[in-house]
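Each chain, written out:
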Amino acid sequence: MKAPRRHAVAMLSALLTAALLARTGDAQTTVPPKDKALIFSLQKGGYVLFWRHPKTDPTQADTDTLNLDNTKAQRQLTAEGRSQAKATGESMRALSIPIGKVISSKYSRATEAAQLAGFANAELSLDVSEPQNVPPLEARRRATELRKLLATKPAAGTNTLIVGHRPNLQDAVGKELADVAEGEIVVFEPAGGLDFKPVARIPFESWAQWSAKK
C-alpha cells in the first residue's frame, strides 16, 4: 500500500473511532429516567433533605463535645470535603432545586458545609447536632425533634435542608440508614405530625453528574 493511501486509511479509522467514542459519550451523559423524575420532583419542592456532612478526617476526634463553640476540638472537613460541599450547593442551584429553610448541626463540619454550599443563613440547632456524650434523655429528645423536622412540610415551592450526622438519622429513623455515607443526602417526604417516609438516597457523586447532564 502506498504511503498516501495508508495515511488516508489511518485518518478515516481515527475519524470513525472518534465518532464512535462521541456517540458512546452521548449515551453515557443521558440522565436515567428515574433520576430525571427525582430531579423534577425536587424542583417542585415539598421535601426534606437530610445531608450528612461531607468527607472528614477520620484521624481526628471530637474531644470537647459539651462545648460546641470549641471548634478546634472537633473533627473537621478535609479539603475534599470542602470541595464536596461547594459542589453540592452549586449543583443544586444548577438544577434549579429550591432550598428554603436550612437547619444545621452546631458541629463545625456541618456549619462549614452549609456555608460552603451557599447557605449562610442556616439556623444552628442542637436538635440535629450529634448526640455524643450527652445524657440518654437528651439523645432521645434530639431524635424526637429530628423526626418532627423530617415530618414538617416546607414552605410551598421549596425544600428544607438539614445538615447533620449519621447517628442522629439512625436514632430518628432506624438502622436501615446506618450506612449513610459522608456527603450523601436522604430525601424524605413529610406528612405532618411524626409521619414521613424516605423516598431517595443521593450519593455525592450524583449531584455533579446530574448538573453536568441537564
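Since this is a predicted model, take the numbers as computed values, not measurements.

**With respect to the packing of helix α5 (residues 136–151) against helix α6 (residues 166–173)**
Piece 1. For the pair α5 and α6, interaxial distance at closest approach is 8 Å and the crossing angle is 80 degrees. Classified by the interaxial angle, the pair formed by α5 and α6 is roughly perpendicular. Touching Ala143, Leu146, Arg147 and Leu150 of α5 are Asn168, Leu169, Asp171, Ala172 and Val173, all from α6.
Piece 2. By residue class, the composition of the contact of α5 with α6 is six nonpolar, one polar and two charged.

**A word on the packing of aromatic side chains**
Piece 1. Inspection of every chain in the model, using the stated rule, returns two aromatic pairs.
Piece 2. Seen from their ring centres, Phe188 and Phe196 are 5.6 Å apart, and the 80 degrees between their planes marks the pair as edge-to-face. Like Phe188, the residue Phe196 is buried in the burial classification.
Piece 3. Taking the centre distance of 5.6 Å and the plane angle of 70 degrees together, the rings of Trp207 and Trp210 count as edge-to-face. Here Trp207 and its partner Trp210 are both found in helix α7 (residues 204–213), three residues apart, which amounts to about one turn of the helix. Across the pair, Trp210 and Trp207 agree in class, each one buried.

**Section: the pairing of strand β6 (residues 195–202)**
Piece 1. Across seven bridges, strand β5 (residues 185–192) lies against β6 in antiparallel orientation. Across the sheet, Phe188 pairs through a bridge with Pro198, a residue of β6.
Piece 2. Taking the residues that link successive antiparallel strands as the turn, the β5-β6 hairpin has two residues, and the phi of Gly193 there is positive, at about 65 degrees.

**Notes on the confidence of the model for the chain**
Piece 1. Taken over all residues, the pLDDT of the chain has a mean of 87, while the share at 70 or more is 85%.
Piece 2. Here residues 1–28 is modelled with pLDDT under 50, and outside its nearest four sequence neighbours on either side it reaches three contacts, counting other chains as well.

**Describing the sheet that holds β5**
Piece 1. Within the open sheet, the six strands sit side by side as β3-β2-β4-β1-β5-β6. Their pairing is mixed. Of all strands in the sheet, those bounded by a partner on one side alone are β3 (123–124) and β6.
Piece 2. Pairing analysis gives four bridges linking strand β1 (residues 48–52) to β5, with the strands arranged antiparallel. Directly across from Leu49, in β5, lies its bridge partner Val187.
Piece 3. On top of the sheet, helix α2 (residues 33–44) reaches β1, β4 (159–164), β5 and β6; it is set at about 130 degrees to β6, its chief contact.
Piece 4. The sheet strands contacting α5 are β1, β2 (99–104), β4, β5 and β6, and the helix crosses β5 at an angle near 80 degrees.

**A few points about α5**
Piece 1. With 16 residues, α5 extends 23 Å between its outermost C-alpha atoms, agreeing within 8% with the 22 Å of an ideal straight helix rising 1.5 Å per residue.
Piece 2. For α5, every residue scored as buried is listed here: Glu138, Ala139, Arg142, Ala143, Leu146, Leu149, Leu150 and Ala151.
Piece 3. Those residues of α5 that are buried are in contact with β1, β2, β4, α6, β5 and β6.

**Remarks on the pattern of salt bridges**
Piece 1. Tallying each qualifying case throughout the model produces 13 salt bridges.
Piece 2. Here Arg52 makes a salt bridge to Glu182, at a shortest N to O gap of 4.0 Å. You can see Arg52 sitting in strand β1 and its partner Glu182 sitting in the loop between α6 and β5, a full 130 residues away along the chain.
Piece 3. Taking the relative accessible area as the measure of exposure, Glu182 reaches 23% and is therefore partly exposed.
Piece 4. Between Asp127 and Arg141 there is a salt bridge, with the nearest N and O atoms lying 2.8 Å from each other. Taken together, the positions of Asp127 in the loop between β3 and α5 and Arg141 in helix α5 put the pair 14 residues apart, joining distant regions of the chain.
Piece 5. Salt bridges sharing common partners tie together Asp127, Glu138, Arg141 and Arg142.

Calculation criteria
- Residues numbered from 1 in each chain as written.
- Predicted model: local features only at pLDDT ≥ 70, side-chain atom pairs only at ≥ 80, totals over all residues.
- Heavy atoms only, no water.
- Axes fitted to C-alpha atoms, helices over the stretch in contact; angles between N-to-C directions.
- Helix = DSSP H or I, 4+ residues; strand = E, 2+ residues; numbered from the N terminus.
- Parallel < 35°, antiparallel > 145°, perpendicular 65-115°, else oblique.
- Contact = heavy atoms within 4.5 Å.
- Nonpolar A, V, L, I, M, F, W, Y, C, P; charged D, E, K, R; others polar.
- Phe/Tyr/Trp six-rings, centres within 6.5 Å; stacked < 30°, edge-to-face > 60°.
- Buried < 20%, exposed > 50% of the residue type's maximum accessible area, 1.4 Å probe, protein only.
- Pairing = 2+ DSSP bridges.
- pLDDT = per-residue confidence, 0-100.
- Expected span 1.5 Å × (residues − 1).
- Salt bridge = Lys/Arg side-chain N within 4 Å of Asp/Glu carboxyl O.

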